[in-house]
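If you want the building blocks of each chain, they are given just below.
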Amino acid sequence: MMAFRNPPAHKRLTGFVRLRNRRGNRLAVVLLRITRRDFDFCLTALFVFCLGSALYQLNGGASQILINVGYYLGRFGDGSESFTPRALPFPSQVVYNRVGKCGSRTIVLLLRILADRHQFTLISSDIHNKTRLSKREQANLIRNISTVPLPFLYTRHVHFLNFSRFGSDEPAHINIIRDPMDRFLSNYFFRRFGDWRGEENHVVRTPGMKDDERYLDINTCILENYPECSNPKLFYIIPYFCGQHPRCREPSVWALETAKQNVLEHYLLVGLLEELEDVLLLLERLLPHFFTDVLNIYTSPEYRKLGNQTVTVHKQTPSLEALRVLYQRMEYEYKFFNFIKHQFHLSKKKIGLNTHPQTSRRCSGSLQKMSLLDELEEETEDLLLTWMEQH
């Protein structure tokens with residue numbers, strides 16, 4: 001029978017040390033794993049911080065994703081430790097690529113008041129004479145617009161920008177146009193004589209214009225085919241909706257149809273200056289966070305004093321013969337204008353506005369021109385019917 005006996009003391013001690021060493025090794029491995037995990041986390045956090053800091057400096061501010069997170073989650077209250085959630089309006093990004101001499105200064109004056117009242121960011125560009133941009137300039141502008149704190153409204157005289165083409169979120173586009181001949185005449189005399197605002201008179205705006213050009217009779221300019229009164233200068237409204245493609249700059253069916261398609265796909269509203277009060281009502285319905293109470297501001301006595309200063313001075317009405325020539329040169333412009341008029345009246349009907357077209361205060365000086373245009377359209381229609389009968 002085999003007898004069992006206890007191992008010697010030194011062997012028992014050796015076994016104990018081995019066992020304790022195994023336990024220590026396991027604990028070290030566990031601690032090492034935790035330490036590596038924490039170390040990786042710290043490195044990741046440091047990398048994200050450095051990357052965010054670099055983006056902040058390169059973009060001139062916080063990146064858009066950080067802005068969105070900050071605005072959606074809210075900020076700390078004054079001295080409090082709890083978050084105050086902030087709900088953003090939809091849409092929270094609006095671009096108004098305003099068409100020249102279509103009431104844009106009137107709208108910008110209103111927007112400055114509304115921005116203070118409703119606490120949205122208004123960026124009104126001071127660049128007025130650069131509507132066509134290179135691809136790089138488009139990308140830079142869109143990137144800069146996308147970093148504006150939400151909600152924002154960006155406005156500038158610029159041809160349509162396709163944000164989705166550059167991988168950016170599509171904003172809500174809005175605009176206002178007017179009768180093409182009325183817009184042309186307003187621009188013609190504004191360049192020469194300015195408006196009632198002393199700081200933007202004609203000397204400041206066109207200091208290099210000679211007197212023979214400044215006092216050129218409008219009928220002479222049209223009938224003798226001066227560059228200012230002929231195409232492509234007269235092809236003005238459509239490019240604002242057609243976009244930045246070089247073909248958008250020349251009168252054509254392609255440019256007309258591209259402009260129409262962009263309106264249908266990208267624009268929340270394109271209104272008519274001749275029906276400005278209805279435009280403001282629609283904007284208030286569609287974009288309440290930006291335009292609530294806009295009509296009350298527009299009709300207030302305080303605003304009238306400001307708005308009347310932007311009316312062009314010394315405007316004259318061309319002869320019926322000159323209007324006929326001008327109308328023929330603006331064939332595509334009027335096709336687009338009539339398309340917008342139809343879409344605008346359709347929007348009013350859908351929203352429930354059954355108002356009749358009114359004449360804006362800014363257009364009151366062109367009643368005589370409008371009556372001549374009505375006569376011209378009737379005469380043109382008669383000529384077309386006669387031509388059809390002969391063929």
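Everything in this summary refers to the structure shown in the same document. Please read these numbers as outputs of a predicted model, since none were measured by experiment.

## Side note on the overall build of the protein chain
Within the protein chain one finds 17 helices and seven strands. For the protein chain, the proportion of its 391 residues judged to be buried stands at 41%. Considering only residue pairs separated by 6 or more positions, the protein chain has 76% of its internal contacts joining residues 24 or more positions apart.

## Notes on helix α10 (residues 253-266)
Over its 14 residues, α10 extends 20 Å from the first C-alpha to the last, a length consistent with the 20 Å expected when each residue adds 1.5 Å. All of the buried residues along α10 are Ala255, Leu256, Thr258, Ala259, Lys260, Asn262, Val263 and His266. Along its buried surface, α10 packs onto β6 (172-177), α9 (239-242), β7 (267-272) and α16 (331-351).

## As for the pattern of salt bridges
Pairing between side chains becomes possible if they bear opposite charge and their charged atoms approach one another. Enumeration over the complete set of coordinates arrives at ten salt bridges. As a salt-bridge pair, Lys348 and Asp278 come within 2.8 Å of each other at their nearest N and O atoms. With Lys348 in helix α16 and Asp278 in helix α11 (residues 276-286), the pair connects residues that are 70 residues apart, well separated along the chain. Here Lys348 and Asp278 have matching classes, each one buried. Through salt bridges that share partners, Arg178, Asp182 and Lys315 make up one connected network.

## Focus: the nonpolar core
With 70 residues, the main nonpolar core has Ile177, Phe184, Phe241, Phe291 and Phe336 as its most contacted residues. Grouped together as the second largest cluster of nonpolar side chains are 13 residues, Val95, Leu150, Phe152 and Tyr154 included.

## Considering the packing of aromatic side chains
Per the stated rule, a full pass over the model turns up twelve aromatic pairs. Between Tyr188 and Phe189, the aromatic rings sit 5.1 Å apart at their centres with planes inclined by 80°, giving edge-to-face as the arrangement. Each of the two residues, Tyr188 as well as Phe189, counts as buried. An angle of 50° between the planes, with centres 5.7 Å apart, marks the rings of Tyr298 and Tyr303 as tilted.

## Re the environment of Ser134
Structurally, the position occupied by Ser134 is in the loop between β4 (121-124) and α4 (135-146). Sequence separation between Ser134 and His245 is 111 residues; the distance between their C-alpha atoms is 9.5 Å.

## Thoughts on the state of the cysteines
Counted according to the given criterion, the structure contains two disulfides. Each sulfur of the disulfide joining Cys221 and Cys229 lies 1.9 Å from the other. With the S-S dihedral at roughly 105°, the linkage between Cys221 and Cys229 falls on the right-handed side. Accessibility expressed as a relative area gives 0% for Cys229, which makes it buried. Shown here for the protein chain is a disulfide pattern of 1-2, 3-4, where each number marks a bonded cysteine counted in sequence order.

## Details of the pairing of strand β5 (residues 152-155)
What you see with β5 is no split at all: Phe152 and Tyr154 on one side and Leu153 and Thr155 on the other are buried throughout. Bridge count for strand β3 (residues 93-96) against β5 is four bridges, and the pairing is parallel. Directly across from Gln93, in β5, lies its bridge partner Phe152. Inspection of the sheet shows β4 paired to β5 by four bridges, in the parallel sense.

## Some words on the sheet that holds β4
Where strands meet in a sheet, backbone hydrogen bonds hold them as pairs that are either parallel or antiparallel. Spatially, β4-β5-β3-β6-β7 is the arrangement adopted by the five strands of the open sheet, whose pairing is parallel. With partners counted over all chains shown, the strands left at the sheet margins are β4 and β7, one partner each. Neighbour-to-neighbour, the strand axes of this sheet turn through a mean angle of 15°, independent of strand direction. Against the sheet, α10 engages β6 and β7, with an angle of about 120° to β7. Most of the contacts of α11 go to β7, to which it runs at about 160°, and overall it touches β6 and β7.

## Here's the deal with helix α5 (residues 180-193)
Its 14 residues give α5 an end-to-end C-alpha distance of 20 Å, which sits within 8% of 20 Å, the value for a rise of 1.5 Å per residue. Among all positions in α5, only Pro180, Met181, Asp182, Arg183, Phe184, Leu185, Ser186, Tyr188, Phe189, Phe190, Arg192 and Phe193 are buried.

## What to know about the environment of Gln244
On the secondary structure map, Gln244 appears in the loop between α9 and α10. Gln244 gets classed as buried once you look at its relative accessible area, which sits at 9%. It is 6.2 Å that separates the C-alpha atoms of Gln244 and His159, two residues lying 85 residues apart in sequence. Here Gln244 is in contact with Thr131, Arg132, Leu133, Gln138, Val158, His159, Phe160, Leu161 and Arg249, once residues within four sequence places are set aside. Within the structure, the side chain of Gln244 is placed 3.2 Å from the backbone oxygen of Thr131, a separation counted as a polar contact. Within polar-contact distance, the side chain of Gln244 engages the backbone nitrogen of Leu133 at 2.7 Å.

What counts, and at which threshold
Residues numbered from 1 in each chain as written. Predicted model: local features only at pLDDT ≥ 70, side-chain atom pairs only at ≥ 80, totals over all residues. Heavy atoms only, no water. Helix = DSSP H or I, 4+ residues; strand = E, 2+ residues; numbered from the N terminus. Buried < 20%, exposed > 50% of the residue type's maximum accessible area, 1.4 Å probe, protein only. Contact = heavy atoms within 4.5 Å. Expected span 1.5 Å × (residues − 1). Salt bridge = Lys/Arg side-chain N within 4 Å of Asp/Glu carboxyl O. Core = buried A, V, L, I, M, F, W, Y, C linked by side-chain atoms within 4.5 Å. Phe/Tyr/Trp six-rings, centres within 6.5 Å; stacked < 30°, edge-to-face > 60°. Disulfide = S-S within 2.5 Å. Pairing = 2+ DSSP bridges. Axes fitted to C-alpha atoms, helices over the stretch in contact; angles between N-to-C directions. Polar contact = N/O pair within 3.5 Å; in protein donor to acceptor, adjacent residues only side chain to side chain.

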